[in-house]
Amino acid sequence: MATSPRATQQKFEPWTDPDAKPYVRIEKVTKKFGDFFAVDDVSLSIYKKEIFCLLGASGCGKTTLLRMLAGFERPTSGKIFIDGVDMTSIPPYERPVNMMFQSYAIFPHMTVEQNVAFGLKQERLQKDEIESRVNDMLNLVKLGQFAKRKPHQLSGGQRQRVALARSLVKKPKLLLLDEPLAALDKKLREHTQFELINIKETLGVTFVVVTHDQEEAMTLSTRIGLMNHGEIVQVGTPSEIYEYPSSRFVSEFIGSVNMFEGRLVEDEPSYVRIGCDDLEAPIYVDHGVSSAPGATIWAAIRPEKITISREKPDATDNWTAAVVQDIAYMGDMSIYLLRLDSGKVVRVTQPNIYRHADDRITWDERVFLQWYPESPVVVTK
Amino acid sequence: MKALLKRAGLQGRSVVAAVPYLWLLLFFLIPFVIVLKISFSSSLIAMPPYEPLLHWTGEKVLQIKLNLGNFAFLVEDNLYWKAYLNSIWVASVSTFFCLLLGYPIAYAIARSNPSARNILMLLIVLPFWTSFLLRVYAWIGILKNNGLLNNFLIWIGAIDQPIQMLQTDFAVYVGIVYSYLPFMILPLYANLEKMDLTLLEAAADLGCKPWQGFLKVTLPLSLPGVRAGCLLVFIPAVGEFVIPSLLGDPGMLMIGKVLWTEFFNNRDWPVASAVAIVLLLFLVIPMMYFQRAQDAEAGGVHR
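Residues numbered from 1 in each chain as written. Chains lettered and ligands numbered in written order. Predicted model: local features only at pLDDT ≥ 70, side-chain atom pairs only at ≥ 80, totals over all residues. Heavy atoms only, no water.

A.B. asks: So what exactly am I meant to see when it comes to the overall build of chain B here?
C.D. replies: Along the backbone of chain B there are 12 helices and two strands. Traced from its N-terminal end to its C-terminal end, chain B shows the element sequence α-β-β-α-α-α-α-α-α-α-α-α-α-α. Here chain B has a C-alpha radius of gyration of 25 Å; the compact-globule value for 303 residues is 19 Å, and the former is much larger. Along the first, second and third principal axes, the C-alpha set of chain B runs to 80 × 80 × 35 Å. Burial status across chain B gives 34% buried among its 303 residues. When the accessible surface of chain B is totalled, it reaches about 18300 Å², and 72% of it is carbon and sulfur. In chain B, which carries 20 positive and 16 negative side-chain charges, the distance between the mean positions of the two groups comes to 13 Å. (Helix = DSSP H or I, 4+ residues; strand = E, 2+ residues; numbered from the N terminus. Rg over C-alpha atoms; globule rule 2.2 N^0.38 Å. Buried < 20%, exposed > 50% of the residue type's maximum accessible area, 1.4 Å probe, protein only. Areas by Shrake-Rupley, 256 points an atom, 1.4 Å probe, with all protein chains shown as cover. Lys, Arg positive; Asp, Glu negative; His and termini not counted. Charge placed at Lys NZ, Arg CZ, Asp CG, Glu CD.)

Given below as structure tokens:
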């Protein structure tokens, strides 16, 4: 297995520091509904000021895990600590946690202002303090002039901001977001993503975000916890998850990938060679792989890491011949679907660097695919 | 061709829309106008037992005779306004108790297991399958001096003399609350059942204990259901005739009974009509006021 290199430009990496205390600690938490394991023996550490994304397909248990953090579900077994305090049996109304619901759950009988003030009134704060905090928060989410409106007079994006303001105004130590951007259109989504990051910076809140949208997870999060069938499959920064997936599932879930099944034909500590029936030349990888001899392994190669050329490469490894089956022009790049001689279809993306290219590779052309020795990721499961 | 079809389609739609209006016109507005007309005429020993309003004198003169005496009579004789006030009082108290009983029942059904809900609602509606009159008669058997309830109380030793329950106001309240309880539960259930339960989670998340969440979220959101249920109980209870006649004190003044006496015992149709018109005004004016208030609260926008 490859170990992940640390990104150099990022300074915020408390999870690499052995002395850092996790802010949220989930210890061997399991939640069963009847015989069904919604969350299966999950342990996680989330640090202060992180935006931690729980990513997974619907039904993978990510929302159940979030609801256990909020206190709406009790773990069948295991413990949850927030800031060192055992939260397992503390009801939601006594937790230092606020949640933004996927449906927003805005109170329809209250104005925007009353919605945002609701949590503060519950704390029995002074009237003028409530007023000023509500005003500040409404200005932060740019809803100042909508304070007196009822929820049904607002657009989807405005409602989403009311929900966000309502959960932020109590200054929670931990903010839980359930698919926060799912109901927004693309433009508004991108805008809100950056807004969330700004809010994190200005208020210093720790976020746990549930999403099924990998793009959202990639842009928002400091780390991603990828879930499948109630289990955490891999935890890592967005680039770790993308470039160093630990399994076929992870590499196929995040982005698109070409998966080549094969066997080790040369197994050295510093390199391996993988024989693959679909390819004309073996795959050469410039690092060692720990795998049982003779076992099936997979080499995953991202579409952008493969190049297309008309000349046959003179290398002994890492190439194959293919026929262009389809081309999708996306503007910034083109997606090529290429059929190998074995019938397997490979996906390759190429940036459109030149505006006019008369001799572009076109349909039904026979071409050669090539990649670098560091491009394939070898996974054993 | 297309335009023709479209026109036909439009007409079809307006026909559908006209059905409820036609219904209201035939079975509400026209009878109302007839009753209103009778209320302005004078009583007569004839068939029908009132003078016509319009009279053709035969000399190119159409005489319209409006008799305001019936309404004046209602104001002068304090029997009538006492009966009105008492009816409104009885209906209000009964509505209150229906709400007190109906809200927890509707709430419990709405929050119960979805598979059990239909059966529970069926049980609420089940009494409608027997005749209303029979069910009120059954209460006589329960409440009378040697009835079920008194015998039971004597048997367990709580009392040694039967309590007079039949022919008291208590029996009337029991009868009305029993008969109209489903009308309170049905709209309340419909309202509570469709409530988004994540709102309660949101309230808990913002620091509400369960009972606070109920007071601040569930209760205000169920007010339209409360309003509908109260109107459905209050309106028929005000004019209730059968229950006070069968279960109540014969001297109990209820406007429904007064109406009956005027029509059938005194055969004074004009006064009876005036009683009915005033009763209608008593009910319609507060209802319109409530509707206005509700619309204003919703910001004039219907959701």
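A.B. asks: Looking at this model, I keep getting lost on the pairing of strand 4 (residues 77-82) of chain A. Mind explaining?
C.D. replies: Looking along a regular strand, one sees side chains alternate from face to face of the sheet. Residue and element names in this part refer to chain A. Examined bridge by bridge, strand 1 (residues 24-33) and strand 4 share five bridges and lie antiparallel to one another. Looking at strand 4, one finds that Thr30 is bridged to Ser77. Here strand 4 pairs with strand 5 (residues 85-86) via two bridges, running antiparallel. Paired with Phe81 across the bridge in strand 5 is Asp86. Linking strand 4 to strand 5, which pair antiparallel, is a turn of two residues; within it Asp83 sits at a positive phi near 55°. (Pairing = 2+ DSSP bridges.)

A.B. asks: Just to check I follow, could you spell out the interface of chain B and chain A for this structure?
C.D. replies: Size of an interface, as often reported, equals the accessible area lost when the parts are brought together. Taken together, the 22 residues of chain B in the interface contact 22 residues of chain A. Both faces considered, chain B and chain A share a buried interface measuring about 2000 Å² in area, 61% of it formed by carbon and sulfur atoms. Put simply, chain B and chain A have one salt bridge between them. Elements with a contribution of two residues or more to the side of chain B that touches chain A: helix 8 (198-205) and helix 9 (210-238) of chain B. Sorting elements by how many residues they give to the side of chain B that touches chain A places helix 8 of chain B first, with seven residues. Classifying every residue of the side of chain B that touches chain A by side-chain character gives 12 nonpolar, three polar and seven charged. (Contact = heavy atoms within 4.5 Å. Buried area = accessible area lost by both parts, 1.4 Å probe. Salt bridge = Lys/Arg side-chain N within 4 Å of Asp/Glu carboxyl O. Nonpolar A, V, L, I, M, F, W, Y, C, P; charged D, E, K, R; others polar.)

A.B. asks: Looking at this structure, how should I read helix 2 (residues 69-76) of chain B?
C.D. replies: Residue and element names in this part refer to chain B. Along helix 2, the positions that sit buried rather than exposed are Asn70, Phe71 and Leu74. Buried residues of helix 2, viewed axially, fall in a sector of 100°; they line one side. Turned more than 90 degrees away from the buried face of helix 2, the exposed residues are Val75 and Glu76. (Arc of directions from axis to C-beta.)

A.B. asks: I would appreciate a short explanation of unusual backbone geometry in the present structure.
C.D. replies: Residue and element names in this part refer to chain A. Residue Lys171 is not a glycine yet carries a positive backbone phi of 50°. Secondary-structure assignment places Lys171 in the loop between helix 4 (156-168) and strand 7 (174-178). With a phi angle near 65°, Asp364 is a residue other than glycine that sits in the positive phi range. On the secondary structure map, Asp364 appears in the loop between strand 18 (345-351) and strand 19 (366-370).

A.B. asks: Please clarify how the pattern of salt bridges should be interpreted in this entry.
C.D. replies: A side chain of one charge can pair with a side chain of the opposite charge when the charged atoms of the two come close. For the structure on display, the rule yields 20 salt bridges over all chains. One salt bridge in this structure joins Asp317 of chain A and Arg273 of chain A, with 2.8 Å as the shortest N-O distance. Note that Asp317 of chain A is positioned in the loop between strand 15 (307-309) and strand 16 (319-329) and Arg273 of chain A in strand 12 (residues 272-275), a separation of 44 residues in sequence. Take Asp317 of chain A and Arg273 of chain A: they sit in the same class, and that class is buried. Put simply, Arg366 of chain A and Asp341 of chain A hold a salt bridge, and the shortest N to O gap is 3.3 Å. Taken together, the residues span a long stretch of sequence, with Arg366 of chain A in strand 19 and Asp341 of chain A in the loop between strand 17 (333-340) and strand 18 at a distance of 25 residues. Overlapping salt bridges, with partners in common, bring together Lys31, Arg67 and Glu73 of chain A together with Glu201 of chain B in one network.

A.B. asks: What exactly am I supposed to notice about the sheet that holds strand 4 of chain A here?
C.D. replies: By definition, the strands of a sheet pair up through backbone hydrogen bonds, in either a parallel or an antiparallel sense. All names here are of chain A. Spatial strand order, 2-1-4-5: four strands in an open sheet with antiparallel pairing. The outermost strands of the open sheet, each flanked by one partner alone, are strand 2 (36-46) and strand 5. Along the sheet face, helix 1 (residues 62-70) touches strand 1, strand 2 and strand 4 and points at about 120° away from the line of strand 1. (Axes fitted to C-alpha atoms, helices over the stretch in contact; angles between N-to-C directions.)

A.B. asks: Looking at this model, I keep getting lost on the domain arrangement of chain A. Mind explaining?
C.D. replies: Residues and elements named next belong to chain A. Assigned domains of chain A: these are domain 1 (14-96 + 172-249) and domain 2 (256-379). Relative placement of domain 1 and domain 2: their C-alpha centres are 34 Å apart. In this complex, domain 1 contributes seven residues to the contact, which on the side of domain 2 involves seven residues. Of the roughly 640 Å² buried at the junction of domain 1 and domain 2 (both faces included), carbon and sulfur atoms supply 55%. At the boundary of domain 1 with domain 2, the tally comes to one salt bridge. Note that Lys305 and Glu243 form a salt bridge whose closest N and O atoms lie 3.0 Å from each other. For the interface between domain 1 and domain 2, the tally reads three residue pairs in polar contact (both at pLDDT 80 or more). (Domains from an automatic or database assignment. Polar contact = N/O pair within 3.5 Å; in protein donor to acceptor, adjacent residues only side chain to side chain.)

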